[in-house]
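Survey of secondary and tertiary structure
The lines below spell out each chain.
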Amino acid sequence: MARRVVPGDPSVEVPHLGPNDLHALNRLTAYNRSELEGSDCRCGCFHCGSMFLAREVARWMAEKDGADTALCPRCGCDAVIYETPAYPLSTALLTTLYLGWFGSEYDERKRSVTYAPSFSDYKGWLRKGIPFRMESRPADQVAGEVDLFREPERDDAGGMVRIETSDHRDLVFIDEWGRSLPYTVMTGQQRLVRGLVDEHGPRLRGLIADPNDWKLRLIVEYG
Ligand SMILES: [Zn+2]
């Protein structure tokens, strides 16, 4: 079943999780059948980012030494947490847990990503669950990747961008909201990008997938 990521609005608090929080949240994922079965409790899966009600859980993993463990109705993973007073459920929480527990899977997805929804800053990236929503589209071709420099004290916006050249052949990055983003490409890599702009025109797009590593992936869209 397709995942169901619910982007959180800007008022949602982004959790700061310490080791005790991670331990407590991890405990919620196991032996939870007695709490969850048939209940209207809100649940989320930090493997696929989906949210659902506890009564939607249809499969349980049998445990020898306790109650059964819920499996996500969307992806089948035993990474289901449920809302508690201490840990309000949010996509930002699920994203934070995903990056912590499935970091190597995330790195793998990031290697082949050609599309990601736009975001305005790092917290928005977490709230929107961008890591869950990255896609590798077969009709796209990755033409390279360059390093971005950003001006400090500006929002860390990203996602898909148009790449244009100004009259002075400066590279300009424009996000889906029409904003020119405050980034520059390292001098030695600008020639590659300009060449791709000349060759592919509007078929060339840039992707800033992760506001932590400041790469601009160069993608040529076919079809
Ligand atoms: Zn799932």
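Remember, it's a predicted structure, so these values are computed and weren't measured experimentally.

Let's talk about the overall build of the chain
The helix and strand tally for the chain stands at seven helices and eleven strands. C-alpha extents for the chain along the principal axes are approximately 65 × 35 × 25 Å. For the chain, with 223 residues in total, the buried portion stands at 45%. Counting only contacts in the chain whose residues sit at least 6 apart along the sequence, the fraction spanning at least 24 positions is 67%. If you sum the accessible surface of the chain, you get close to 11600 Å²; carbon and sulfur atoms cover 50% of it. Within the chain, one finds 28 positive and 34 negative side-chain charges whose respective centroids are separated by 3 Å.

Observations regarding the domain arrangement of the chain
For the chain, the domain assignment lists domain 1 (19-101) and domain 2 (107-221). Using only C-alpha atoms to locate each centre, domain 1 and domain 2 end up separated by 33 Å. Facing eleven residues of domain 1, the contacting portion of domain 2 comprises eight residues. Between domain 1 and domain 2 the total buried area reaches about 680 Å² when both faces are included, carbon and sulfur atoms providing 77% of it. Of all residues in domain 1, T95, Y98 and L99 give up the largest surface area on contact with domain 2, accounting jointly for 54% of the area buried on that side. Counting across the domain 1 and domain 2 interface gives zero salt bridges. Linking domain 1 with domain 2 are one residue pair in polar contact (both at pLDDT 80 or more). Its residues assigned to classes, the side of domain 1 that touches domain 2 comprises six nonpolar, five polar and no charged.

So, the coordination of the zinc ion
Within the protein, the atoms that donate to the zinc ion are C45 (SG), C48 (SG), C72 (SG) and C75 (SG), at distances of 2.3 to 2.4 Å. Because the angles between the four donor atoms bound to the zinc ion fall within 105 to 113°, the donor set is best described as tetrahedral.

A few points about unusual backbone geometry
Here the phi dihedral of Y31 falls at roughly 55°; this positive angle occurs in a residue that is not glycine. Structurally, the position occupied by Y31 is in the loop between α1 (19-28) and α2 (33-36). Here Y31 falls in the partly exposed class, since its relative accessible area comes to 38%.

What about the pattern of salt bridges?
Applying the stated criterion to the full structure yields 17 salt bridges. Here D210 makes a salt bridge to K110, at a shortest N to O gap of 3.2 Å. Linking D210 in the loop between β10 (204-208) and β11 (215-221) with K110 in helix α4 (residues 103-112), this pair joins segments that are 100 residues apart in sequence. Residue classification places D210 among the buried positions, given a relative accessible area of 5%. A salt bridge links R205 to D140; the nearest nitrogen and oxygen atoms lie 3.6 Å apart. Of this pair, R205 sits in strand β10 while D140 sits in strand β6 (residues 140-150), placing them 65 residues apart in sequence. Each member of the pair, R205 as well as D140, is classed as buried. It is possible to trace a salt-bridge network through shared partners that takes in R33, E37 and D68.

Some thoughts on the pairing of strand β1 (residues 42-45)
Two elements, β1 and strand β2 (residues 51-53), share three bridges in a ladder whose sense is antiparallel. Of the residues in β2, the one forming a bridge with C43 is F52. Counting the residues in the hairpin turn of β1 and β2 gives five residues, including G49, whose phi is positive at 85°. Relative to strand β5 (residues 80-82), β1 runs antiparallel, the two being bridged by three bridges. Looking across to β5, one finds that G44 is bridged to I81.

Side note on the side chain of R74
Within the secondary structure layout, R74 lies in the loop between β4 (69-70) and β5. Buried R74, no salt bridge; nearest opposite-charge side chain is E56, N-O distance 4.1 Å. The residues touching R74, leaving out its near neighbours within four places in the chain, are M1, A2, R3, R4, C48, S50 and E56.

Cut-offs used in this document
Residues numbered from 1 in each chain as written. Predicted model: local features only at pLDDT ≥ 70, side-chain atom pairs only at ≥ 80, totals over all residues. Heavy atoms only, no water. Helix = DSSP H or I, 4+ residues; strand = E, 2+ residues; numbered from the N terminus. Buried < 20%, exposed > 50% of the residue type's maximum accessible area, 1.4 Å probe, protein only. Contact = heavy atoms within 4.5 Å. Areas by Shrake-Rupley, 256 points an atom, 1.4 Å probe, with all protein chains shown as cover. Lys, Arg positive; Asp, Glu negative; His and termini not counted. Charge placed at Lys NZ, Arg CZ, Asp CG, Glu CD. Domains from an automatic or database assignment. Buried area = accessible area lost by both parts, 1.4 Å probe. Salt bridge = Lys/Arg side-chain N within 4 Å of Asp/Glu carboxyl O. Polar contact = N/O pair within 3.5 Å; in protein donor to acceptor, adjacent residues only side chain to side chain. Nonpolar A, V, L, I, M, F, W, Y, C, P; charged D, E, K, R; others polar. Donors = N, O, S within 2.8 Å, 3.2 Å for Na, K, Ca; no water. Tetrahedral: all angles 85-135°; square planar, octahedral: opposite > 155°, others 65-115°. Pairing = 2+ DSSP bridges.

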